[in-house]
Amino acid sequence: MKHKVSYFFNPDVGNFHYGTGHPMKPHRLSVIHSLVLNYGLHKHMQIYRPYKASAHDMCRFHSDEYIDFLQKVTPQNIQAFTKYLSHFNVGDDCPVFHGLFDFCSMYTGASLEGAMKLNNKDCDIAINWSGGLHHAKKFEASGFCYVNDIVIGILELLKYHPRVLYIDIDVHHGDGVQEAFYLTDRVMTVSFHKYGNYFFPGTGDMYELGAESGRYYSVNVPLKEGIDDQSYWMVFKPVISNVMEFYQPTAIVLQCGADSLANDRLGCFSLSTKGHGECVKFVKSLNLPTLVVGGGGYTLRNVARCWTYETSLLVDEQISNELPFTEYLEFFAPDFTLHPEVVTRTENANSRQYLEAITKFVYDNLKVCQNAPSVQMHDVPGDAIPSDVKIKEEDDPDVRISQELEDKLVEPKNEFFDGDKDNDKDEAMEA
Amino acid sequence: MAEIDSMKKDGKTKNCKQEDKLFDPSIEMLMNDFDDERTLEEEEALAAEEPVDASVELSILQRESDMPIEELLALYGYRGEQQEDTSVLKEEMELSKENESETEQTEPSKLGEIYKSIPEMNQDASRLLRSVSRVGEEEEEDYDYSPDDEDWHKTNKTIMVGSDYQAQIPDGLCHYGDALPYENDDKLVWNPTFIDLVDVENYLKKAVSILKPTIPMGTQLKDDEQALYLLQQCGHNIDEALRRLRMNVISNADTMSLWSEEECRNFESGIRSFGKNFHIIQQNKVRTRSVGELVQFYYLWKKSERHDIFASKTRLEKKKYTLHPGVTDFMDRFLEDQDGRDRSSSPNVQNLIENRVIERHRTN
């Protein structure tokens, strides 16, 4: 099935610099765009120069004071804001650089617009490689992230979608998104990440399940360093398959942090571009409206390779291993290929036993929420006083949802349980 | 001897009754790199300390067999504690699974506690993970990045709950019918659906012949983003787009207009004095360009021959200061020169761009 793909890129978004020695390099986005164009991938998707998000858009999630601060602070006047810096966690990891707010409004606008296009059914897949800044909190910056474009995008999707699934394959835990939706069952967050040894951000324990009505709607898959393609797939596929079966989302947001690739400057996994791409391919095969965003990724050449390759997967085009001629070709020395061989010194610390145990743990928790989707469509907690208006409001979506369930949800379910031999699931059932 | 053996066993079974079931590592143990070898090693170590004299051992064992379990545990305190610890932890885990709602929000998870209690996982490890020492060639000047460790440990390790942390979820759902019209000012710059691929390629070929780019494009047909945008603006009317292309060839140059030799020199001197503080360079050295343009230029420049020359020059200058005055390390200098030449002799894209810059400067 050919998907209609929209791609959002602001030509200026790559021209920001976090400061000397900072591992986050927005210019990677320009390199990716150049590769995408020179591979001819733009012939298969709609290219948008996205709208820039306003402070008002950002305040749909963030606090007014925080956004106001981001808008005003510059490297020149930073002295005047000294007392706010630690309050908003701006400084070392999240420096104040020239054009900070512009940068935020560019990547946030692109995610927001991607969500709107999906809502309006203008496209099936929306790509924003500049987005995916999953650490940003309501009140503060964190881990190179200032504004959480993912949360803002999901909030937009929630206007039309009863259940949104968030999948995070960054090497770091998607704490900002998880926290934002910790108490709701309308968003399920699933994060695969390195956990332990004080690895940033320190959250992402498998016992973080969500709370109140959001309990069991936060799924965490903590992994250890050195995980390779095969092991990753061993957890990713069954976990996402089970999530799809039990949660039945109507839209997906996929965060493709490329710091889970081998030899990342900050990461410690051993995935190849192909292994990373396999996850994207799988999510695409679920045939739901999907917003694909970037995220971490601190070895410039590998991030560019990875997201270019994933763009090609999303538009269903095969591209050659030999990189096309671009102004950035020298960055890809000495091999000049899309899929260089993975050489890593990190040993895979994830035993098969461990991976099976964690998959089982996730499965057991998901089983608890299998009936919840039908509950939460009514949206009214048991004892609340139902006003006439409210009942009316909620009946309609209910009807529409059941149609959608027919049209959209059953289909992908068949696809991945009939398509391959689904051993994982059977095993889990027996156990 | 058989008696002793049985007594020994007896003593042991008392000791580890709880542990005497089939070893089944729980998921927490797996998480935690639980290592049952450890107790084995400890036992061996203990054994080594035990008196060698068989009769002494015998009497000790006899005494032990008469001891109440508490005393015995105390005697083997080290080992006993260890075993008890794990089993207690295990129980706690099971418990915590059941009553998580009470514990998980307010305090760090049990797992987190275990992590804290493990001594070898200290700050050094975290520092290693953070600024991984695998620094590629391209980041060689970035190796100095090492965030504050204090800051590092300050991070909240729990997910917070409250109105200060969660997003406000919109109530109910919109209906597709009454949706607000889509009114953001985004710009569609290319839509491939209305036009045949072959036509696009023909158009691009013609566009290239009009624009006559100064960089050789190779045999491959290169996509020109600007030309495609123009085609889009002309409603996919190829003739109209070509007509407009012919009308203003110059304005259709690269998104980044070309840099003059003077600008390049100022930029380099800015890098030398201010490092990668692009906004300061912009203010003090290259006022003709925006900060964004400086950043873009930096990434093209850093892989160019110009950069190699620049880098070896600054390295030499630094050397002059650090070396003992009057002494010149000729070998070092020789090697560096060689190095510079080797790199610049490799095919280099940026040479072309730089040449173009210079050429253009001359023609102006």
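Residues numbered from 1 in each chain as written. Chains lettered and ligands numbered in written order. Predicted model: local features only at pLDDT ≥ 70, side-chain atom pairs only at ≥ 80, totals over all residues. Heavy atoms only, no water.

**Let's talk about unusual backbone geometry**
All names here are of chain A.
Then comes step 1: The residue after Phe-200, namely Pro-201, is reached through a cis peptide bond having omega -5°.
Then comes step 2: Omega for the bond connecting Ala-333 with Pro-334 falls within 30 degrees of zero, at 0°, which places this linkage in the cis form.
Then comes step 3: Summarising the element assignment, Pro-334 is placed in the loop between helix H10 (300-314) and helix H11 (352-368).
Then comes step 4: Phi is positive for Asn-287, close to 55°, though the residue is something other than glycine.
Then comes step 5: Turning to its location among the elements, Asn-287 is positioned in the loop between helix H9 (273-284) and strand S8 (290-293).
Then comes step 6: A residue is classified by how much of its surface remains accessible, and Asn-287, at 18% relative accessible area, is buried. (Helix = DSSP H or I, 4+ residues; strand = E, 2+ residues; numbered from the N terminus. Buried < 20%, exposed > 50% of the residue type's maximum accessible area, 1.4 Å probe, protein only.)

**A word on the confidence of the model for chain B**
All names here are of chain B.
Then comes step 1: When the pLDDT values of chain B are averaged, the result is 62; 36% of them are 70 or greater.
Then comes step 2: Below a pLDDT of 50 lies the segment residues 1-19, which in the model reaches 21 contacts outside its immediate sequence neighbourhood of four places, other chains included.
Then comes step 3: Scored below 50 in pLDDT, residues 251-255 makes five contacts in the model with residues more than four places away or belonging to other chains.
Then comes step 4: Across the whole predicted complex the pTM is 0.68, and at the interface the ipTM reaches 0.76. (pLDDT = per-residue confidence, 0-100. Contact = heavy atoms within 4.5 Å.)

**Things to note about the environment of A:Asp122**
Residues and elements named next belong to chain A.
Then comes step 1: Its location among the elements puts Asp-122 in the loop between helix H5 (100-119) and strand S3 (125-128).
Then comes step 2: For Asp-122 and Ser-6, which are 116 residues apart along the polypeptide, the C-alpha to C-alpha distance reads 8.4 Å.
Then comes step 3: Once residues within four sequence positions are removed from consideration, Asp-122 is found in contact with Lys-4, Gln-46 and Lys-117.

**Some thoughts on the pattern of salt bridges**
Residues and elements named next belong to chain A.
Then comes step 1: One pass over the structure, following the stated rule, counts 19 salt bridges over all chains.
Then comes step 2: Note that Asp-102 and Lys-52 form a salt bridge whose closest N and O atoms lie 3.4 Å from each other. Here Asp-102, found in helix H5, pairs with Lys-52, found in the loop between strand S2 (46-49) and helix H2 (55-58); they are 50 residues apart in sequence, far enough to count as distant.
Then comes step 3: Accessibility expressed as a relative area gives 38% for Lys-52, which makes it partly exposed. (Salt bridge = Lys/Arg side-chain N within 4 Å of Asp/Glu carboxyl O.)

**Points about the UniProt feature "binding site: substrate" (unreviewed entry) in chain A**
All names here are of chain A.
Then comes step 1: This chain's UniProt record puts "binding site: substrate" (unreviewed entry) on Asp-93, Gly-143 and Tyr-298. With the annotated positions falling across 206 residues, the maximum pairwise C-alpha distance of 13.7 Å places them together in a single cluster.
Then comes step 2: Inspection of the secondary structure assignment puts Gly-143 in the loop between S3 and helix H6 (149-157).
Then comes step 3: Relative accessible area serves as the criterion here: at 9%, Gly-143 is assigned to the buried category.
Then comes step 4: Ignoring sequence-local partners within four residues, the contact set of Gly-143 consists of Cys-94, His-135 and Phe-200.
Then comes step 5: Position of Tyr-298 among the secondary structure elements: in the loop between S8 and H10. (UniProt positions renumbered as here; feature names shortened; annotations may be inferred.)

**Things to note about the packing of helix H14 (residues 261-274) of chain B against helix H16 (residues 291-301) of chain B**
Between two packed helices, what matters for the description is the angle formed by their axes and the separation of those axes.
Residues and elements named next belong to chain B.
Then comes step 1: In the contact formed by H14 and H16, the axes pass within 12 Å of each other and the chain directions differ by 90°. Classed by the angle they form, the pair H14 and H16 counts as roughly perpendicular. Seen from H14, the contacting residues are Cys-264, Phe-267, Glu-268 and Ile-271; seen from H16, they are Leu-294, Phe-297, Tyr-298 and Trp-301.
Then comes step 2: Grouping the amino acids of the contact of H14 with H16 by side-chain chemistry returns seven nonpolar, no polar and one charged. (Axes fitted to C-alpha atoms, helices over the stretch in contact; angles between N-to-C directions. Parallel < 35°, antiparallel > 145°, perpendicular 65-115°, else oblique. Nonpolar A, V, L, I, M, F, W, Y, C, P; charged D, E, K, R; others polar.)

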